[in-house]
Amino acid sequence: MTREEMARLIAEGLIETGIEGGYDAVSCSTAGDYPSLGVSQWEGGRADDLLRMIPGGSKYVGREYSDIEEADEIEALSELLDSPEGQEAQLQKLSEDCLDYVDELLDVAGFDEPACIIYAGMWCPTSTGVVCRFVYNRLRRGVDMNDLEVCAETFRDEYAEAAACEEYADGYANRAEMTLNYVEGLGVE
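Just so you know, these numbers come straight off a predicted model, no measurement behind them.

Calculation notes
- Residues numbered from 1 in each chain as written.
- Predicted model: local features only at pLDDT ≥ 70, side-chain atom pairs only at ≥ 80, totals over all residues.
- Heavy atoms only, no water.
- Axes fitted to C-alpha atoms, helices over the stretch in contact; angles between N-to-C directions.
- Helix = DSSP H or I, 4+ residues; strand = E, 2+ residues; numbered from the N terminus.
- Parallel < 35°, antiparallel > 145°, perpendicular 65-115°, else oblique.
- Left-handed = near helix turned anticlockwise from the far one by under 90°.
- Contact = heavy atoms within 4.5 Å.
- Nonpolar A, V, L, I, M, F, W, Y, C, P; charged D, E, K, R; others polar.
- Phe/Tyr/Trp six-rings, centres within 6.5 Å; stacked < 30°, edge-to-face > 60°.
- Buried < 20%, exposed > 50% of the residue type's maximum accessible area, 1.4 Å probe, protein only.

Visitor: Give a detailed account of the packing of helix 1 (residues 3-17) against helix 6 (residues 114-121), specifying residues and quantitative values.
Guide: Their axes nearest at 9 Å, the elements helix 1 and helix 6 cross at an angle of 45°. In terms of axis orientation, helix 1 runs oblique to helix 6. Helix-helix and strand crossings are classified by hand; for helix 1 and helix 6 the assignment is right-handed. Here Met6, Leu9 and Ile10 of helix 1 come into contact with helix 6, specifically with Pro114, Ile117, Ile118 and Gly121. A breakdown of the residues in the contact of helix 1 with helix 6 according to their chemical character gives 6 nonpolar, 1 polar and no charged.

Quick look at the structure:
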């Protein structure tokens, strides 16, 4: 399977499962007072880059979430993201991101099973660096991250702690199961 095919399946999986959000998603970042946007919950400079790709999006660039909320513009921003132009911009950005995810995961020595790369790639919006280190460290410990069931179980049971996000353990467990169901449904060999 080519890197482009894996990237496409990651992007489709993120959109289909909604594990990061829908096209119209606007929420406050857990890391600060700034918006997280769309199907990949882009934040900061990456969110600003996305907004600049959408006609009318520049009015939200660099603004704090609380400012947008106080101006009663959350719904307008959500509608902009969900517009045909907003969806197209998100697909374009997500496609680029997913190629980067695949390339970073392919750089993890010994990690080469396409289904597992797709699975791990669907976690990369949380932090590509953390996901790659997580996979690498488990492989070094002798965990067979090239077995989809083992890979999914390991993400479910260990990722929240490894990412120092234990408060999201329940959500990550749900994400692990939804992601596994999606990847199993692909029938990737």
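After that view, the rundown keeps rolling.
Visitor: Can you lay out the packing of aromatic side chains for me, pointing to particular residues and giving the numbers?
Guide: This model, assessed by the stated rule, comprises 10 aromatic pairs. Centroid distance Tyr119 to Trp123: 6.5 Å. Interplanar angle 40°. Geometry classified as tilted. Given the relative accessible area of 0%, Tyr119 is considered buried. For Trp123, a relative accessible area of 0% puts it in the buried group.

None of this, on its own, says anything about what the molecule does.
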